[in-house]
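Topology and contacts: notes
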Amino acid sequence: MNLIVLLKQVPSTESFVSVGEDKKSVKTEDVKWVINPYDEFAVEEALKIKEALGGTVTILTVGNDKAVEAVRTALAMGADNGILINDPDAYNCDGAGIAKILAAALKNIEYDLIIAGQRAVDDDNYYVGAATAEFLNIPHVSMVIKEEITDKTIKCTKTIEGGSFVFEAKLPALITTQRGLNEPRYASLPGIMKAKKKPLDTKTLADIGISAADLGEPMLTIKEVKKPSQREAGVMIQGDTPAELAAALVKALHEEAKVI
Amino acid sequence: MRVLVITEQIDGIFRKVSYEALSEGRRIADAMNCEMTAAILGSGIDNLAEDIKKYGADKIILADDPALAEYITDKYVLTLADIIEKEKPEVIILGSTSIGKDIAPRLCAKFNGAIATDCISASIEEGKVCASRYIYGGKLITDVILNRKPAFIALRANSVSIKEADGKGEIEKIQANMQDASLTFIEKKMDAGKKELTEADIIVAGGRGVNEGDFSAIEELSEILQGAVGASRAAVDEGWRPHSDQVGQTGKVVSPNLYIACGISGAIQHFAGMASSKVIAAINKDEEAPIFAKSDYGVVGDLSKVMPEVIKEVKKIKG
């Protein structure tokens, strides 16, 4: 089973991100960079499938020199090899360009199953996974919390608001992860040592047969990045007993805020 | 020029966000001085067209076909692709639901369009399609121009108001596109009677401070208020609540009228997921909890003692 994980390096969710000087970008100089949490689920699931059915796990990412860390972390978790598409022409792409690059890279690789995060927790646009599947002309199932592979078929449970669906797809296919799919393992010390020797290929756009012109302009132009209106501390409800506190709170919500 | 709104119905009931998408679609169509088409997919859905008419659709395309009885990605995507081919919309609006996020990126890639997901508003400025959306799980907002056509705007639930409007309401019926069969529908399970978090007007949420993970008071209060139950990541990690209840940067982003945070300290990741709530009330025994700095109403107290009293008081109001 050839398993591919699409991975993105993002600022950790504990990071304070702020608006850049130009008001059109996000300041990320001081943040801690990690594997996108939804992609960690993808790495873990690929490793689980490999353990059950055999095969190899390849990490595929588009990024700059810094992204090497994220790939090495995935290799330390147990992935077999990594491919980093590192090309200045890709640095300013948004999802539209990234999905094209990933699809171009995948056209030269054998795969049975591609696993991606449902979204990256930085730009939150939910585009790349499904779009990559479209460009490769393979089926996708998004927000998967459970999967089972038999023969050349994958059966997936996908979450929706208030319930779930079970779909079956013929392989090769792409799935995206949902919280609840698994608990990602930590990289062990021996894993970290081994990861240093695992193959990590760095490629340019030319290497995978795509040019900057093929990517087109970004699909979104950012006019402004801003902070949501800052909430301020309101009223601390006063009262000597739980009953008094509760009565004052409910009165405020009912009569003042008029929300209940 | 045309605006297409893709509605979402499950078992004959529209998602609330579909009405919001229609209302926003009508506004955009008026700004562009063009017509709006609404698409409904399903089986035995004749009666649903009437429901949509009052939100100002000029044309309602009913893809009423037994093959579409249950949502399945490929058949829905291909049938919608037929509709897009035919209607040639410049702007496509739909709800930013799990299904919306399943369909829209795939269609967007197919038509080489642009997509903005989890938008809180859309507009036409100097002829350009613009949208506002949260990024970093709600920590920042970005205003974007969608550079390609069609421009897909996936609207986050509870972000725009529902408004009735006039439209021609002509109905056209089409069949499903069956050319692809790479996916097979096996089954669907819906949690009966459970209110969807992202669409709820009131959310009562619990965190690590909920004594021994007992959510019964939170559930009771949410039920009396006809709201939904939410949870912090800590509560989900403890196994007290399902993953689908998680509010925050790696969970759901919600915008209810009232968010009652019970025993939630207010980590930055949690706050990102609920900061756009209209009113936030917090109950926490730790007066230093960061949640109080961002709440409209704060109560310092023991949840197990305060909650039963809150329930009593709310019952008085609700009669």
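These notes cover the structure that comes with them. In this text, all values refer to a predicted model and were calculated from it rather than measured experimentally.

The geometry of an aromatic ring pair is captured by two quantities: the separation of the ring centres and the angle between the planes. Using the criterion set out here, one finds nine aromatic pairs over all chains in the structure. With 6.1 Å between their ring centres and 70° between their planes, Phe165(A) and Phe185(B) make a pair best called edge-to-face. With one member in each of two chains, Phe165(A) in strand β11 (residues 163-170) and Phe185(B) in strand β12 (residues 183-190) form a pair that bridges those chains. For Phe165(A), a relative accessible area of 1% puts it in the buried group. With 6.2 Å between their ring centres and 45° between their planes, Phe167(A) and Tyr71(B) make a pair best called tilted. Here Phe167(A), found in strand β11, pairs with Tyr71(B), found in the loop between β5 (59-64) and α3 (73-87), and the two come from separate chains. The pair Phe167(A) / Tyr71(B) is uniform in exposure class, with both members buried. Through a chain of ring-to-ring contacts, the aromatic side chains of Phe165(A), Phe167(A), Tyr71(B), Tyr76(B) and Phe185(B) assemble into a single cluster. Above the face of the Trp33(A) ring, Lys66(A) is positioned so that its terminal group lies 3.8 Å from the ring centre.

Residues and elements named next belong to chain B. By the alternation rule, side chains of strand β14 (residues 228-231) split into Ala228 and Gly230 and Val229 and Ala231, which are all buried. Where strand β13 (residues 202-206) and β14 come together, four bridges link them in parallel fashion. Within β14, the residue paired with Ala205 across the bridge is Gly230. The parallel pair β13 and β14 is bridged by helix α5 (residues 216-224), and the resulting crossover is right-handed.

Reading across from one edge, β15(A)-β17(B)-β16(B)-β15(B)-β13(B)-β14(B) is the order of the six strands in this open sheet, with parallel pairing throughout. Of all strands in the sheet, those bounded by a partner on one side alone are β15 (235-236) of chain A together with β14 of chain B. As defined by bridge partners, strand β15 (residues 258-262) of chain B adjoins strand β16 (residues 279-284) of chain B across five bridges and the pair is classed as parallel. The partner of Ile260(B) across the bridge, within β16(B), is Ala281(B).

Scoring rules and cut-offs
- Residues numbered from 1 in each chain as written.
- Chains lettered and ligands numbered in written order.
- Predicted model: local features only at pLDDT ≥ 70, side-chain atom pairs only at ≥ 80, totals over all residues.
- Heavy atoms only, no water.
- Phe/Tyr/Trp six-rings, centres within 6.5 Å; stacked < 30°, edge-to-face > 60°.
- Helix = DSSP H or I, 4+ residues; strand = E, 2+ residues; numbered from the N terminus.
- Buried < 20%, exposed > 50% of the residue type's maximum accessible area, 1.4 Å probe, protein only.
- Lys NZ or Arg CZ within 6 Å of the ring centre and 35° of its normal.
- Pairing = 2+ DSSP bridges.
- Right-handed = clockwise from strand over helix to strand, strands pointing away.

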